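If you want the building blocks of each chain, they are given just below.
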Amino acid sequence: MEPAAVMTASPVPALERESAAMRARRLAAARRRATALLIGVTALFVAVTAAGAHGTLLGFVQAGAEASMVGGVADWFAVVALFRRPLGLPIPHTALIVERKDQFAATLGQFVQENFLNADVLAERIRSARLVPRLAAWLADEDNAARFAGHAADLVVNVADALRDEDVQRVLTAELTRALDAVEVAPLAGRVLRVIIAGGHHAELFNVIVSAADRYLADHHVELRDRFEAESPRWVPDTVYRMVFDRLYHRLRQRLVAMAADPDDETRRQFEEWIAGLPDRLETSPELRERGERLKRDILGSAELRDWSSSLWQKAKDTLRTQAADPESELRRQLAAALVAVGRRLADGLERMVESGARALADQFHDELADLVTGTIERWDAAETSSQLELLLGPDLQYIRINGTVVGAGVGLALHAIALALA
């Protein structure tokens, strides 16, 4: 029979906080109540029948008790048949959860696929929830963006600290080597030199070379004089070679000063002619190409490059740590400004991106996720699944038994009254 809900179950506590033992106790208590009511109406029916139904009142009592007993037994059978075979009898269409678990799994997987993993459903849920506009508005607030930027900066530092220095150094060296190995040094130097010449900076280069040579002479006067003395014949008097050295030294420095000051100096002109033809030679000369590649290989294989990459990573980590700790640092200001810009300008675009991403995920993985639901349920033990569901739903189903018993009594009284009216 189809029971009517004339009695309602008490509010169910939050099930996630209930243990299996607590659920079992609730089920046992609800089952005792429903069984006690069924036993009560059965005893009433037996007593009235044994005494003989004399009079109108006892006739109504007997009819109501009989129908109530029938309704209670029918609903007991229906509730038990969901989880197991009543009285252990192999009655068809009983123990439905145990027998139909795999079909239920397939149906639930299809239901999840059609109602939760559908692209249109996901897109509508995203639009109705307004998650992106709310996030955008939150990020547009500068205080929120600053706090989020601080957390993001701390996360970057934690990731950097979690990396092993030797691994990072190995990666940096390998990537730098790979990048430089793909570049020919001589032609690249030729192109750079063309840019320098086109900008007129080669004249400054000449002045820099001359100034550097003059500074070298000024800083190494004593050293050069001692070397000159060591190379001089022993029979030459000291005053002579010192006078000769000083004369040559001062003349050379005067010459360097004059070269730097005179834009029409012959040496400058020769330098400009030489450097003007150097880009072509760097780009075409096999000898210069080979020298450049040999120099590059020496640099790439040197310990100095490994030390430099290691120091570069350490400096980067120290800079990140300092910037992340300072609320007014450039890193945190730039992150906060970027987040505010995202919140103010890209709300619509982000919503479209999130919606498109959700659609793509739904289209790509809805079959796999549905199969995951189906396969997971199919792997459950049927008896254990039935037992757990009974613990979860059983207390409410026992109220169906009570409702059936009460409704049966009402129907029995109504039918008895109709029978008397027609008699």
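Peer 1: Please give an account of the confidence of the model for the protein chain that cites residues and values.
Peer 2: Overall, the prediction assigns the protein chain a mean pLDDT of 75, with 74% of residues at 70 or greater. By mean pLDDT, helix H3 (residues 96-99) is the weakest element of the protein chain at 64, and helix H1 (residues 20-51) is the strongest at 85. Under a pLDDT of 50 for its full length, residues 1-15 has, in the predicted model, 28 contacts with residues more than four places off or in other chains.

Peer 1: With reference to specific residues and values, describe the packing of aromatic side chains.
Peer 2: With the rule as written, the count across this model stands at two aromatic pairs. Residues Phe 206 and Phe 271 carry aromatic rings whose centres are separated by 5.2 Å and whose planes lie at 50 degrees to one another, so their mutual orientation is tilted. Taken as a pair, Phe 206 in helix H10 (residues 202-219) and Phe 271 in helix H13 (residues 266-284) lie far apart in primary sequence, 65 residues in all. Judged by its relative accessible area of 14%, Phe 271 is buried. Geometrically, the ring pair formed by Phe 271 and Trp 274 is tilted, given 6.1 Å between the ring centres and 35 degrees between the ring planes. Placement of both Phe 271 and Trp 274 in helix H13 is noted, with a separation of three residues, approximately one turn of the helix. According to the relative accessible area criterion, Trp 274 is partly exposed, its value standing at 46%. Members of the aromatic cluster, joined through ring pairs, are Phe 206, Phe 271 and Trp 274.

Peer 1: Please set out the pattern of salt bridges residue by residue, giving values where relevant.
Peer 2: Counted according to the given criterion, the structure contains seven salt bridges. Of the charged contacts, one joins Arg 255 and Asp 265 as a salt bridge, the two residues approaching to 2.9 Å between their closest N and O atoms. Taken together, the positions of Arg 255 in helix H12 (residues 238-261) and Asp 265 in the loop between H12 and H13 put the pair ten residues apart, joining distant regions of the chain. Given the relative accessible area of 6%, Asp 265 is considered buried.

Peer 1: Tell me what's going on with the environment of Trp 76, and back it up with residues and numbers.
Peer 2: Here Trp 76 shows up in helix H2 (residues 56-83). Separated by 38 residues in the primary sequence, Trp 76 and Leu 38 have C-alpha atoms spaced 9.4 Å apart. Not counting residues up to four positions away in its chain, the partners in contact with Trp 76 are Pro 86, Leu 87 and Arg 401.

Cut-off values and rules
In this numbering scheme, every chain counts its residues from 1 along its sequence in written order. Residue-level local features of this predicted model are given only where pLDDT is at least 70; pairs of side-chain atoms are given and counted only at 80 or more, and the full residue set underlies all totals for whole chains, interfaces and linings. Excluding hydrogens and water, the side-chain figures rest on all heavy atoms present in the structure. Per residue, pLDDT captures the predictor's confidence, and it can take any value from 0 to 100. A run of H or I in DSSP counts as a helix once it spans at least four residues, and a run of E counts as a strand once it spans at least two, with each numbered from the N terminus. By definition in these notes, contact holds between two residues if any of their heavy atoms fall within 4.5 Å. Ring pairs shown here join Phe, Tyr and Trp side chains whose ring centres sit within 6.5 Å, with only the six-membered ring taken for Trp; geometry is labelled stacked below 30 degrees between planes, edge-to-face above 60, and tilted in between. Using a 1.4 Å probe on the protein chains alone, a residue whose accessible area is under 20% of its type maximum counts as buried, one over 50% counts as exposed, and one in between counts as partly exposed. What makes a salt bridge here is a side-chain nitrogen of Lys or Arg within 4 Å of a carboxyl oxygen of Asp or Glu, nothing more.

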